[in-house]
Amino acid sequence: MVLGQTILVTGGAGYVGSHVCKSLAAEGFSPVAVDCLSRGHESAVKWGPLERVDLTDEARLKAVIEQYRPVGVMHLADLCDVGESVTDPARYYHNNLVGSLNLLKGMLDQGIESIIFSSSCAIYGVPGKVPIPETQAKVPITPYGVSKLVVEHMLRDFGMAYGIGYVCLRYFNAAGADPDGQIGEGHRPETHVIPLAIAAALGERSRFEIFGTDYATPDGTAVRDYVHVSDLAAAHVSALRYLLEGGRSVALNLGTGRGHSVRQIVAAVARLSGRAVPVKEGPRRTGDPSTLVADASEAFKVLAWTPKHGCLDDIVATALNWHRKPLFGDRSR
Ligand SMILES: NC(=O)c1ccc[n+]([C@@H]2O[C@H](COP(=O)([O-])OP(=O)(O)OC[C@H]3O[C@@H](n4cnc5c(N)ncnc54)[C@H](O)[C@@H]3O)[C@@H](O)[C@H]2O)c1
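Residues numbered from 1 in each chain as written. Predicted model: local features only at pLDDT ≥ 70, side-chain atom pairs only at ≥ 80, totals over all residues. Heavy atoms only, no water.

Turning our attention to the sheet that holds strand β12 (residues 260-261). Ordered in space as β12-β9-β14, the three strands form an open sheet in which the pairing is mixed. Each of the sheet's edge strands pairs with one partner strand only, and the pair in question is β12 and β14 (291-292). Here two bridges tie strand β9 (residues 223-224) to β12, and the two strands are oriented antiparallel to one another. Paired with Arg 224 across the strands is His 260, a residue of β12. (Pairing = 2+ DSSP bridges. Helix = DSSP H or I, 4+ residues; strand = E, 2+ residues; numbered from the N terminus.)

Ranked by internal contacts, the top residues of the largest apolar core, which has 40 residues, are Val 16, Leu 24, Met 74, Val 167 and Leu 169. Mapped by element, the contributors of at least two residues to this core are β1 (6-10), α1 (15-26), β6 (165-171), α7 (229-244), β11 (250-254) and α9 (297-303). Sort the elements by how many residues they give to this core and α7 lands first, with nine residues. Apart from residues lying up to four places away in sequence, Leu 24 is in contact with Ile 7, Val 9, Phe 29, Pro 31, Met 74, Val 237 and Leu 240. (Core = buried A, V, L, I, M, F, W, Y, C linked by side-chain atoms within 4.5 Å. Buried < 20%, exposed > 50% of the residue type's maximum accessible area, 1.4 Å probe, protein only. Contact = heavy atoms within 4.5 Å.)

Turning our eyes to something else, we now look at α7. Compared with the 22 Å implied by 1.5 Å per residue over 16 residues, the 23 Å span of α7 between its first and last C-alpha is a close match. Those residues of α7 not exposed but buried are Val 229, Ser 230, Asp 231, Leu 232, Ala 233, Ala 235, His 236, Val 237, Ala 239, Leu 240, Tyr 242 and Leu 243. (Expected span 1.5 Å × (residues − 1).)

Quick look at the pattern of salt bridges now. Under the defined criterion, the tally for this structure stands at 16 salt bridges. Between Glu 298 and Lys 301 there is a salt bridge, and its shortest N-O distance comes to 3.0 Å. Linking Glu 298 with Lys 301, this pair stays in helix α9, spanning three residues, or about one helical turn. Residue class for Glu 298 comes out partly exposed when judged on its relative accessible area of 27%. On the basis of relative accessible area, Lys 301 is assigned to the exposed category, the value being 62%. When salt bridges with common partners are traced through the structure, they connect Lys 22, Asp 178 and Asp 180 into a single cluster. (Salt bridge = Lys/Arg side-chain N within 4 Å of Asp/Glu carboxyl O.)

Structure representation (structure tokens):
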């Protein structure tokens, strides 16, 4: 590896993207965050410049790629509120598909051959088998999931036609925060279970709502595979190295292989914060599968990647530590 190689990180002001920038910098790369700040935070960009560009603006994006000539691209910029994608699919398809296509065209123009793409377990829809291997049928049930699958197909086609190399990282539930407390989760609006449960515990929300208590799971609530955001970031760096060293294009699940129920999250937040989490139980949401747990054995094999923050308490403790910090800059919850 050559020290200081430039990597473009789309969505670098977002939750996962900012952690990816931190890991890249720690490994000697020079990250450039490309983000329109529609959902991200300027204050989360700490390890390189921020180019405030919307990926749907083809000309501006092209100019930024020409300016930096990165050796590789990490593509995390996306609208990713699953529920919102159902109510406003036009916005989601435009943002996620046009933005991705412009990025790939910009890469072709500059001869950039390596891209790591943030895909999602949402491409599997309601899984037939759990833990879910990469070979599972892909039948997404939301426009968000469809947009991820379409970009995976775009990458396959660009790979075959133009030789672009890619790694699609299919994350399960990103969770936790930087163990040093420098960055953390702050979606706008927040829809993720752990920050919502923490906000209810700390009195920032009146209660935490559980959607569905009659699933066929041990305690009746939905089970998900929570993977620490710093472990996801480390997987991005490993995937980049893998591609730069000539690895073949591949799609990999990223998860811990262990599931936790919503009630287990609530219990962990209450225990670690020392505060009760006021809960309201409601009906299931349409399209929420009962259990999503990764079979991540391929990522273990191909990238030699294993999550370091495997236990739920570690994930919740880092999230809590971040959440308790005083608000600063443009961070909002
Ligand atoms: N958080 C999760 O649990 C999870 C799970 C699976 C996949 N993913 C994927 O990981 C990626 C990052 O997710 P996140 O949780 O960090 O979300 P986030 O909203 O915090 O980050 C996304 C960033 O992309 C930026 N962005 C969106 N559209 C853009 C555009 N057209 N041009 C430029 N910037 C744009 C936003 O401003 C934001 O900073 C997304 O692609 C998401 O679909 C996330």
